[in-house]
Amino acid sequence: MTSAEVRAAAAPVGDGDAINIVAFCCHYCAYAAADLAGSLRIQYPPSVKVIKLPCTGKLDVQHVLDAFEHGADGVMVAGCMEGDCHFQQGNINAKRRVAYTGNLLRRIGIEPERLKMFNMSSAMARRWADAVTEMDTTVRRLGPSRLRPRSAGPEGRTP
Amino acid sequence: MIVAEQKDLEEIRASVGEVGRVLVVGCGTCVTVCFAGGAKEAGILASSLRMAARVEGGSQDVGDVTVQRQCEWEFLDAIAADVAAADVVVSIGCGIGVQALAERYPDAVVVPGLNTTFLGLPVEQGVWEERCAACGSCVLGSTGGICPIARCSKQLLNGPCGGSSHGKCEVNAEAPCAWQLIYDKLKAQNRLDRLMEIAPPKDWRAARDGGPRKIVREDLRLNKTDEK
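Worth saying up front: this structure is predicted, and the values here are computed from it rather than measured.

What follows covers the overall build of chain A. What chain A contains, in helices and strands, is 5 helices and 4 strands. Beginning at the N terminus, the succession of helices and strands in chain A can be written as α-β-α-β-α-β-α-β-α. Compactness check: chain A gives a C-alpha radius of gyration of 15 Å against a globular reference of 15 Å for 159 residues, within 12% of the reference. Each principal axis of the C-alpha distribution contributes one length, and for chain A these read about 45 × 35 × 25 Å. Put simply, chain A has 159 residues, and 45% of those count as buried. Put simply, 79% of the contacts in chain A that link residues at least 6 apart link residues at least 24 apart.

Here you go:
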């Protein structure tokens, strides 16, 4: 994964008014859970764009900032259940990094609620859908990020 | 290594001001390995400054570059064009790096992004402790390799004060008493006799009390054109 990939995922689509959420997903759990949700035809908001990580331990503060700087209204990080990381503690490292980045966002002037970590297994398709829905609801309540100009109202496009 | 930590973003923004072009300069040596001022931190600070300006409705062109060592002229010369194009340069090197940049580029406005904190080491990942005070006259040979200047809160040279309790320091209850460490070390090495030698008052002229310090090695100098 590169900064260019993150920027592409964060870039507003269509008329630029849609809520845009970037999800950094672990290959072993959330990415597979999202795939399973699709196979099971479970509905969830289309505002999310998935970036696959080999493990959430790969999550880089710079990549989260890149997402916000280039148009994301929210960022979710989805890793394995605590204790189930394929790399022992990558998800625990990610949890600390998300907390650090949230504090940094607050200092920058961005609501830290726009960044949240979720934990799930590869079988938890419903959990994935619920997590995306929760994040979508949070971001709609907060309105679009102040980092990108909008032509429409704070609610954005209905998914 | 030199250990530092980043200043609050608010303080850095205040010192930068509302200028158009900002350059964040990282350093690839000590502050990289203490995760305060390397290439990664330079990128994160540049992003943070850009976004903070935009959140407030403005915009700031903030770039970043990292040199291998900010404390040597040769490495600073490589970023001359970047520095010239910036209204303000934020150095996230140690205090030496900040001053080297300011000295090499007299016209540049250079502000610090870090607080240079101490000379120390990472005792474990994410934890740094002070180990050396650069006092100019090392006594480690007689104290079991444990520095009473850097690690004793009172810089005592002849044993602990009355505030040493259960191996901890009265100034900071989380800090081990340096003299307890020294005693335990020398006892384990069966060298307690070393503590019977009374250390005379330390010559602090070798430390900061003698003013700014300087070392000249004639055998290493170049350009000895005045030498007859």
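The next point concerns the overall build of chain B. Of regular secondary structure, chain B possesses 8 helices and 7 strands. Expected size for 228 residues packed as a compact globule is a radius of gyration near 17 Å; at 22 Å, chain B overshoots this value by more than 25%. Taking the principal axes of its C-alpha atoms as reference, chain B extends roughly 65 × 60 × 25 Å. The contacts of chain B with a sequence gap of at least 6 include a subset with a gap of at least 24, amounting to 57%.

All right, on to helix α3 (residues 39-55) of chain B then. Residues and elements named next belong to chain B. The end-to-end C-alpha distance of α3 is 24 Å, a good match for the 24 Å that 17 residues give at a rise of 1.5 Å each. Within α3, 14 of the 17 residues are buried, which leaves the element mostly enclosed by the surrounding structure. Once α3 finishes, G57 follows within two positions and takes phi at roughly 90 degrees, a positive value.

As a further point, take the interface of chain B and chain A. Contact with chain B, which involves 13 residues of that partner, is made by 12 residues of chain A. Of all the secondary-structure elements, those providing two or more residues to the side of chain B that touches chain A are α1 (9-16) and α3 of chain B. Top element by residues in the side of chain B that touches chain A is α3 of chain B. It accounts for 10 residues. Tallied by class, the residues present in the side of chain B that touches chain A amount to 5 nonpolar, 3 polar and 5 charged.

So, on to the packing of α1 of chain B against α3 of chain B. A packed helix pair is summarised by two numbers, namely the angle formed by the two axes and the spacing between the axes. Residue and element names in this part refer to chain B. The contact between α1 and α3 brings their axes to 11 Å, and the two run at 75 degrees. In terms of axis orientation, α1 runs roughly perpendicular to α3. Here L9, R13 and V16 of α1 come into contact with α3, specifically with S48, L49 and A52. Here the contact of α1 with α3 is built from residues that sort into 4 nonpolar, 1 polar and 1 charged.

Right, let's talk about the sheet that holds strand β5 (residues 110-112) of chain B for a bit. Residue and element names in this part refer to chain B. Ordered by their spatial adjacency, 4 strands build an open sheet running β3-β2-β4-β5, and the pairing between neighbours is parallel. Whereas interior strands pair on both sides, the edge strands pair on one side only; in this sheet they are β3 (61-67) and β5. Ignoring strand direction, the axes of neighbouring strands in this sheet form an average angle of 25 degrees. When strand β4 (residues 88-91) meets β5, the two strands line up parallel, connected through 3 bridges. Paired with V89 across the bridge in β5 is V110. Contacting β2 (21-27) and β3, α3 runs over the sheet at an angle of about 170 degrees to β3.

Before going further, it helps to spend a moment on the domain arrangement of chain B. Domains assigned within chain B are domain 1 (2-118) and domain 2 (135-210). Between domain 1 of chain B and domain 2 of chain B, the C-alpha centre-to-centre distance is 37 Å.

This part is about the confidence of the model for chain A. On average, chain A scores 91 in pLDDT, and the residues at 70 or more come to 92%. Within the model, the stretch residues 150-159 of chain A combines pLDDT values under 50 with 18 contacts to residues more than four positions away or in other chains.

Here helix α3 (residues 61-69) of chain A crosses α3 of chain B at 25 degrees, and the two axes come no closer than 10 Å. When the axis of α3 of chain A is compared with that of α3 of chain B, the two are roughly parallel. The way α3 of chain A lies across α3 of chain B gives a crossing that is left-handed. In this structure, α3 of chain A contributes V61, Q62, L65, F68 and E69 of chain A to the contact, and α3 of chain B contributes K40, G43, I44, S47, S48, R50 and M51 of chain B. Its residues assigned to classes, the contact of α3 of chain A with α3 of chain B shows 5 nonpolar, 4 polar and 3 charged.

Calculation criteria
Residues numbered from 1 in each chain as written. Chains lettered and ligands numbered in written order. Predicted model: local features only at pLDDT ≥ 70, side-chain atom pairs only at ≥ 80, totals over all residues. Helix = DSSP H or I, 4+ residues; strand = E, 2+ residues; numbered from the N terminus. Rg over C-alpha atoms; globule rule 2.2 N^0.38 Å. Buried ≥ 20, exposed ≤ 12 C-beta atoms within 10 Å, placed from the backbone. Contact = placed C-beta atoms within 7 Å. Expected span 1.5 Å × (residues − 1). Nonpolar A, V, L, I, M, F, W, Y, C, P; charged D, E, K, R; others polar. Axes fitted to C-alpha atoms, helices over the stretch in contact; angles between N-to-C directions. Parallel < 35°, antiparallel > 145°, perpendicular 65-115°, else oblique. Pairing = 2+ DSSP bridges. Domains from an automatic or database assignment. pLDDT = per-residue confidence, 0-100. Left-handed = near helix turned anticlockwise from the far one by under 90°.

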